[in-house]
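A look at the structure
What follows is the residue order along each chain.
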Amino acid sequence: MENDAMIKKLFFLFALSFMVHNANAQTVTLDYYFNHEVHTNKAGQVERYHYTWEDTANSGFSILGDVFKRNGARLDTLGSAPTAKNLKGSNIYIIVDPDTWKESPLPNYIEGKDIREITAWVKNGGVLLMLANDSANVELPHFNDLAAQFGMHFNDDLQNHVIDDAHFEDGAANTSGNSIFKTAHKVFMKDVCSIGITGPAKAALRNKNNAVIIATARYGKGTVMAVGDPWLYNEYTNGRLPASFENDKAADDIVKWLIARVAHN
């Protein structure tokens, strides 16, 4: 009987610990609305791909998702336009590489109503991560309408251009001593756009040309980070880079920084 009582007690403590952990876990929501690329797979089926949690190919965010989970977060997606109602349960909201007409026959542009909903959510304590791309591969005009609310502007340029795998160093950025990158000293960021900053926005990382490639801003109770590239997708976090690049550590540093901003709000 004593053993049964002990087992029940241990089970109760485990269940309680699990519930407390889940109650404290931050929800990270990845946009599937402004970025909604599809392709036909080998089985002839049309499927979502490119910067999704489920995509385990080079084009996916499955590794980044695993980093968030290792840091105690829950993953979610949002396949519709953002509103106060469907963002209510999210602590971190990621918008990556909004579609152009070349990528989607009916792209969902970031319009005025979307901007009002997102900015209100951030102002109330949300953490927004905006991941752009070089101008040939992202819909910048509407994305910049959103970025402007936080003193940021994704420029129509090409930084850290890398022509092939023999020129990895052209995509190098030094993160030593950076307050965001606690463990990564050197990262690879290829073919990014620079970011103009005004008002509340601050430079978080500059490249060799002194161009801002990561920016941050406080907005009300919330926080915004902008990066000039999707950057931490599987192709550049799966170990294929030369050993001197620490994108895997950078992913963990970024994730920890974002989660900490939720705690500070």
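Residues numbered from 1 in each chain as written. Predicted model: local features only at pLDDT ≥ 70, side-chain atom pairs only at ≥ 80, totals over all residues. Heavy atoms only, no water.

Some words on the overall build of the protein
The secondary structure content of the protein amounts to six helices and 13 strands. In terms of overall dimensions, the protein is globule-like: its C-alpha atoms have a radius of gyration of 20 Å, near the 18 Å expected for 265 residues. Across its three principal directions, the C-alpha atoms of the protein cover 70 × 50 × 45 Å. For the protein, with 265 residues in total, the buried portion stands at 50%. Nonlocal contacts in the protein, meaning residues at least 24 apart in sequence, comprise 67% of its contacts between residues at least 6 apart. (Helix = DSSP H or I, 4+ residues; strand = E, 2+ residues; numbered from the N terminus. Rg over C-alpha atoms; globule rule 2.2 N^0.38 Å. Buried < 20%, exposed > 50% of the residue type's maximum accessible area, 1.4 Å probe, protein only. Contact = heavy atoms within 4.5 Å.)

Section: the sheet that holds strand β5 (residues 92-96)
Read from one edge of the open sheet, seven strands run β4-β1-β5-β6-β13-β12-β11, paired in mixed fashion. Since the sheet does not close on itself, it has two edges, and those belong to β4 (74-78) and β11 (202-206), each with one partner. On average, each strand axis in the sheet is tilted by 20° relative to the strand beside it, whichever way the strands run. Alignment of strand β12 (residues 212-219) against strand β13 (residues 222-227), held across six bridges, turns out to be antiparallel. Considered in β13, the bridge of Tyr219 is made with Gly222. Along the sheet face, helix α2 (residues 62-70) touches β1 (27-31), β4 and β5 and points at about 135° away from the line of β4. Sheet contacts for helix α5 (residues 140-147): β5 and β6 (127-131); angle to β6, the most-contacted strand, approximately 155°. (Pairing = 2+ DSSP bridges. Axes fitted to C-alpha atoms, helices over the stretch in contact; angles between N-to-C directions.)

Looking at the packing of aromatic side chains
For the structure on display, the rule yields 14 aromatic pairs. For the pair Tyr51 and Phe61, a centre-to-centre distance of 5.6 Å together with 35° between the ring planes defines the contact as tilted. In this pair, Tyr51 is assigned in the loop between β3 (46-48) and α2 and Phe61 in the loop between β3 and α2, connecting sequence segments 10 residues apart. The two residues Tyr51 and Phe61 agree in class, both being buried. The interplanar angle of 45° and the centroid separation of 5.2 Å between the aromatic rings of Phe188 and Tyr236 together place this pair among those described as tilted. With Phe188 in strand β9 (residues 186-188) and Tyr236 in the loop between β13 and α6 (247-264), this residue pair connects regions lying 48 residues apart in the sequence. Relative accessible area serves as the criterion here: at 1%, Phe188 is assigned to the buried category. Take Tyr236: its relative accessible area is 6%, and that puts it in the buried class. The ring of Tyr32 carries the charged tip of Arg48 above its face, separated from the ring centre by 4.6 Å. (Phe/Tyr/Trp six-rings, centres within 6.5 Å; stacked < 30°, edge-to-face > 60°. Lys NZ or Arg CZ within 6 Å of the ring centre and 35° of its normal.)

Section: the environment of Tyr109
One can find Tyr109 in the loop between β5 and α4 (112-123). With near-sequence residues (within four places) excluded, Tyr109 lies in contact with Phe34, Asp99, Trp101, Asp114, Glu139 and His142.

Some words on the environment of Pro200
One can find Pro200 in the loop between β10 (195-197) and β11. Each C-alpha atom, one on Pro200 and one on Ala217, is 5.5 Å from the other, the two residues being 17 residues apart in sequence. If near-sequence neighbours (up to four positions away) are discounted, Pro200 is found in contact with Phe150, Gly151, Thr216, Ala217 and Arg218.

Topic: the side chain of Asn178
Checked against the element boundaries, Asn178 lands in the loop between β8 (172-174) and β9. A polar side-chain atom of Asn178 sits 2.7 Å from the main-chain carbonyl oxygen of Ala204. (Polar contact = N/O pair within 3.5 Å; in protein donor to acceptor, adjacent residues only side chain to side chain.)

Description of the pairing of β13
Burial of β13 is extensive: six of the six residues sit out of reach of the surface. Of the two faces of β13, the one holding Gly222, Val224 and Ala226 and the one holding Thr223, Met225 and Val227 are both buried throughout. Between β12 and β13, which pair antiparallel one after the other, the connecting turn spans two residues, and Gly220 there sits at a positive phi close to 60°.

Structural notes on the environment of Asn35
Tracing the backbone through its elements, the reader meets Asn35 in the loop between β1 and β2 (38-40). For Asn35, a relative accessible area of 0% corresponds to the buried category. With 11 residues separating them along the chain, Asn35 and Asn24 place their C-alpha atoms 29 Å apart.

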